[in-house]
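In case you want the letters, here they are:
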Amino acid sequence: MPFFSVAEVSPEMWWFQQGLSFLPVALVVWSAASFVFSYITAIVLHHVDPLVPYISDTGTIPPERCLFGIMLNVSTFLASSQVNKATAPQQESHCLWLSLAGMATMYVRYKQVSALSPEKPKILRLNKLGLMLGWMSCFGLCIIANFQKCILYYIHVLGACLTFGVGSIYMLVQTILSYLMQPELHSKDIFWARLAVFLWSCSSILSMFVSSVVLYSGLYGQNLVQKLHWDPQERGYTPHIISTVSEWSLAFSFLSFFLTYIRDFQKISLRAVVSLQGQTLHESPGSFRAEEQALLIAGSI
């Protein structure tokens, strides 16, 4: 079974080769690519306007919808792997090792905090809360990827609330953990960096919420959810642009938060220990133990 341990750093290694630092890097690069590739595809096919469309609008019509969905699903697994990392060999991992980078990132972060603060109940409780919130946010990302805004709007909004709303609380919990762990285990710079990104995300959420409420209040027409093309002269164009810019800002604030994990992940590695339940594939675990016990008795005689 897999174990986390302290990573050995060679002076010849590149920074992204140290420990598990490739996990947050892969998460950020892949997630950003999912937004950019879907945007480029939608623009080339004239499905949306070039000037800052909603991220969800760039994944509404095929073929970009297929690209958007599958890439965000991969990002989900990458994000959930970025949880707290363990630095002691005896800390056991209870989740499957995924070659993908999202769910793994959150779990690694969780295990690390657990190993670094094994005798601090307050930190351990916050750590478990952070893991739960992080995985809820990942589930919301799956909903966004598979339920398009123009088809199942309210389910899509539910996914957005889980992803960005619960995700912001996850960022808050991780920021508080960074505060509690400094200066012994965390530098103050990491705490301030995470706090700044968290405030960035909160301001983006507030801006997007207010502008969206104004836009969809009915003052500027009905059925605006289905609208993919906007004229700058139209009524409601200003709150629309504020809302879309806020959404892009919010998405990249989340990606920036995971970038703060890179240095932490350089100090953690993963190794696997195989535990056989039988001498062959035909035997049951019980028969293997009986044979092993018989051999021990015979040897003692």
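Use the structure listed above.
Quick summary incoming for the structure in this document. Model, not experiment: these values are computed from the prediction.

Conventions adopted
Numbers given to residues run from 1 along each chain, matching the order in which its sequence is written. The model is predicted, so local features are restricted to residues of pLDDT at least 70 and side-chain atom pairs to those at 80 or more, both for listing and for counting; the totals for chains, interfaces and linings are taken over all residues. The side-chain figures draw on all heavy atoms in the structure; neither hydrogens nor water molecules are used. Per the convention used, a helix needs a DSSP run of H or I reaching at least four residues, while a strand needs a run of E reaching at least two, with both numbered from the N terminus. For every residue, the accessible area obtained with a 1.4 Å probe (protein chains only) is divided by the maximum for its type, and the residue is called buried under 20%, exposed over 50%, and partly exposed between those limits. Throughout, a residue-residue contact means that at least one pair of heavy atoms, one from each residue, lies within 4.5 Å. Every accessible area reported is derived by Shrake-Rupley at a probe size of 1.4 Å, with residue values counting cover from the shown protein chains alone. Here, a salt bridge means any Lys or Arg side-chain nitrogen found within 4 Å of an Asp or Glu carboxyl oxygen.

## Here we look at the overall build of the protein chain
What the protein chain contains, in helices and strands, is nine helices and three strands. Starting at the N terminus, the α and β elements of the protein chain follow one another as β-α-α-β-α-α-α-α-α-α-β-α. Looking at the protein chain as a whole, 47% of its 301 residues are labelled buried. If you take every contact in the protein chain between residues at least 6 apart in sequence, the share linking residues at least 24 apart comes to 74%. Of the roughly 15,500 Å² of accessible surface on the protein chain, a fraction of 69% belongs to carbon and sulfur atoms.

## With respect to the pattern of salt bridges
Taken as a whole, this structure holds four salt bridges when the rule is applied. With a shortest N-O distance of 3.4 Å, Asp 264 and Arg 109 are connected by a salt bridge. Note that Asp 264 is positioned in helix H8 (residues 262-265) and Arg 109 in helix H3 (residues 104-116), a separation of 155 residues in sequence. Classification of Arg 109 by relative accessible area gives buried; the value is 0%. In this structure, the salt-bridge partner of Lys 227 is Glu 234, at a minimum N-O distance of 3.1 Å. Looking at Glu 234, the relative accessible area reads 30%, which means it is partly exposed. Connected through salt bridges with shared partners, the residues Arg 109, Arg 194 and Asp 264 form a single ionic network.

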